[in-house]
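# Architecture at a glance
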Amino acid sequence: MLITSNSLYWAITAPFAVTFDCDAELITPSRRQTIISKLFQFCRQIIGPNTSAESASVSSEPIVVTRGEHGISRKQFSPNAIKVLYRLKDGGYDAYLVGGCIRDILLGQQPKDFDVVTNATPDQVKKLFRNCRLIGRRFRLAHIVFGREIIEVATMRGHHEAQEDKNQISQSSDEGQLLRDNVFGSIEEDAERRDFSINALYYSIKDFSIHDYANGLAAIKAKQIELIGDPETRYREDPVRMLRAVRFATKLDMSIAPKSEKPISELASLLDNIPPARLFEEILKLFLNGKAEANFLMLRKYGLFRSLFPELDKILDKDPSGLEHTLIQQMFQNTDKRINADKKVTPAFIFAALLWFPLLERTKKIQSQEQLAEYDAFAQAMNKVLSDNSQHIAVPKRFTLGARDIWHIQHRLDKRAGQRAYRLTQQPRFKAAYDFLLLRVDAGETQHTELAQWWTQYLSQDINGQKEMVKNLGHQGGPKPRKRRRPTKKPAE
């Protein structure tokens, strides 16, 4: 006989129910709820995470952790998020902080944002807040704006099979991907619609308790990223969940649960159906969170990198331990160091590195096919590589222009005679281009070692030292000066 956590819960708590009724004057309802909650949590801890099951499931009877048990204080939340919760509560609606902010605080991390879920519809939320704007087509959200801080308020989501009306619209593609998802429901249904069990944690503003609907507390303790529901179905609904699973695993130092991990490689190609603009936002989250190297290696492991950068992925597959892989991995290591040291990182540099080898390969192909000079082939290749990449990831123009500048300067770094070196250092992207040269040398392009050393010394000199270095070059790195011919005098007539 299989004993589930719910059956064990009722088996243990049923005898206490009589005692509670008989001794109603001695045990208050709140105390009764606390005791039952502790018993249920104790049963869950004994059973532990159900690793043999297909995935995490949502219980209609959540684990309720009271204020005195979880130790989370309202002081750890954004004051603006608390304001939103109380105004929704005072307006007669249920309101909870949900997901990542609760998870991060329980793990001892500082949340970056605070999301609110409520049973109020987006239009009802807008009526309560003058500083509210409604966004989104796939699922309508309310953004409450407090200066630079935005508190995102979502209406509790329901199942797609719910009866549809003008405010409840759900639409799926042939691959099972959700295109529109404006179906509202109860908190239990909302918990089932959450992606991972660690994100199905709700903080109630009514009694400051945490409601755990999907055994998320046990998943945090077991350090596992576990999908709620059937993994294949959930990935098909939104393939970006595969990227989120990778990001959460590296960010929280967890592993992806076996059942949630198994379909990823097979379904990785579904990322081709995601709008390029949305993938750009996900790329920034993956590579600008201080865990870029770990995310890169895990994306490669599951075949997800192929759908993001297909040309580079083919090049990396040819020689997994070659120069190309070394440069990309080194770039991500440097990116992580800068971010963890609170230094600026521009996406232009990251995309310049990720598309560098496809650019070189395309340049050689154009040069051989059209018999063009190297620089002309290089210019054509840039346009082609950026155009092809935009079919997968929609990089804004301000970053593609930055990548172009970094690439162009690579061809000009050896032209140093006269005023060229000084003028080159005045280019807005010169520092990024110089860093890119150092990256190439560190990765194994030893033919540029002397050039990199020269520029490193040049940048450390004052103006007189720089002039002396350029003078010592002679005509190296620049065209030979033209010989001036004296004009011949015309013979007198």
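Residues numbered from 1 in each chain as written. Predicted model: local features only at pLDDT ≥ 70, side-chain atom pairs only at ≥ 80, totals over all residues. Heavy atoms only, no water.

## Focus on helix α4 (residues 79–90)
In this model, α4 (twelve residues) spans 16 Å end to end at C-alpha, consistent with the 16 Å of a helix rising 1.5 Å per residue. Taken together, the buried positions of α4 are occupied by Asn80, Ala81, Ile82, Val84, Leu85 and Leu88. The secondary structure elements touched by the buried residues of α4 are β2 (95–98), β3 (115–118), α6 (122–128), β5 (141–146) and β6 (149–155). The first or second residue beyond α4 is Gly92, which carries a positive phi of 95°. (Helix = DSSP H or I, 4+ residues; strand = E, 2+ residues; numbered from the N terminus. Expected span 1.5 Å × (residues − 1). Buried < 20%, exposed > 50% of the residue type's maximum accessible area, 1.4 Å probe, protein only. Contact = heavy atoms within 4.5 Å.)

## Quick look at the packing of helix α24 (residues 449–460) against helix α25 (residues 463–473)
Here α24 crosses α25 at 145°, and the two axes come no closer than 8 Å. Judged by residue contacts, Trp454, Gln457, Tyr458 and Leu459 of α24 engage Gln466, Met469, Val470 and Leu473 from α25. Broken down by class, the residue content of the contact of α24 with α25 amounts to six nonpolar, two polar and no charged. (Axes fitted to C-alpha atoms, helices over the stretch in contact; angles between N-to-C directions. Nonpolar A, V, L, I, M, F, W, Y, C, P; charged D, E, K, R; others polar.)

## Considering α24
Taking 1.5 Å per residue, twelve residues should reach 16 Å; α24 reaches 17 Å between its end C-alpha atoms and fits that length. Within α24, burial applies to Leu451, Ala452, Trp454, Trp455 and Tyr458. The buried residues of α24 occupy one face: seen down the axis, they fall within an arc of 160°. Seen from the buried face of α24, the exposed residues on the opposite side, beyond 90 degrees, are Glu450, Gln453 and Ser460. (Arc of directions from axis to C-beta.)

## Let's talk about the UniProt feature "active site" (unreviewed entry) in the protein
UniProt feature "active site" (unreviewed entry): in the numbering of this structure it lies at Asp113, Asp115 and Asp195. Within the secondary structure layout, Asp115 lies in strand β3. Its relative accessible area of 26% is what places Asp115 among the partly exposed residues. Secondary-structure assignment places Asp195 in the loop between α7 (187–193) and β9 (201–204). Residue contacts for Asp195: discarding those within four places in its chain leaves Glu226, Leu227, Ile228, Arg234, Arg241 and Arg244. Within the local environment of Asp195, its side chain forms a polar contact with the side chain of Asn199, the two groups lying 3.2 Å apart. (UniProt positions renumbered as here; feature names shortened; annotations may be inferred. Polar contact = N/O pair within 3.5 Å; in protein donor to acceptor, adjacent residues only side chain to side chain.)

## Quick notes on the sheet that holds β2
Pairing in this open sheet of eight strands is mixed, and the strands run β1-β10-β9-β2-β3-β6-β5-β4 from one edge to the other. A single partner strand is all that each edge strand has here, and the edge strands are β1 (63–65) and β4 (132–135). Looking at each pair of strands side by side, their axes are set apart by 30° on average, direction ignored. Lying over the sheet, α4 contacts β2, β3, β5 and β6, oriented at roughly 35° with respect to β6. (Pairing = 2+ DSSP bridges.)

## Looking at the side chain of Asn389
Note that Asn389 resides in helix α20 (residues 374–390). Asn389 sits in the buried class, given a relative accessible area of 8%. With sequence-adjacent residues up to four places away left out, Asn389 is seen in contact with Leu308, Phe309, Leu355 and Val395.

## Details of the packing of helix α10 (residues 240–251) against helix α14 (residues 292–302)
For the pair α10 and α14, interaxial distance at closest approach is 10 Å and the crossing angle is 140°. For the element pair α10 / α14, the angle class is oblique. As for the relative orientation of α10 and α14, their crossing is right-handed in sense. Facing Leu243, Val246, Arg247, Ala249 and Thr250 of α10, the residues of α14 in contact are Ala294, Asn295, Met298, Leu299 and Tyr302. Within the contact of α10 with α14, the residues separate by chemical class into seven nonpolar, two polar and one charged. (Parallel < 35°, antiparallel > 145°, perpendicular 65-115°, else oblique. Left-handed = near helix turned anticlockwise from the far one by under 90°.)

## Looking at the nonpolar core
Nonpolar side chains in soluble globular proteins tend to be buried together. Counting 101 residues, the largest nonpolar core has Leu97, Ile225, Phe287, Leu304, Phe309, Leu354 and Trp407 as the members making the most contacts within it. Core analysis: the second largest hydrophobic core is formed by 17 residues, Ala421, Leu424, Val441 and Ala452 among them. (Core = buried A, V, L, I, M, F, W, Y, C linked by side-chain atoms within 4.5 Å.)

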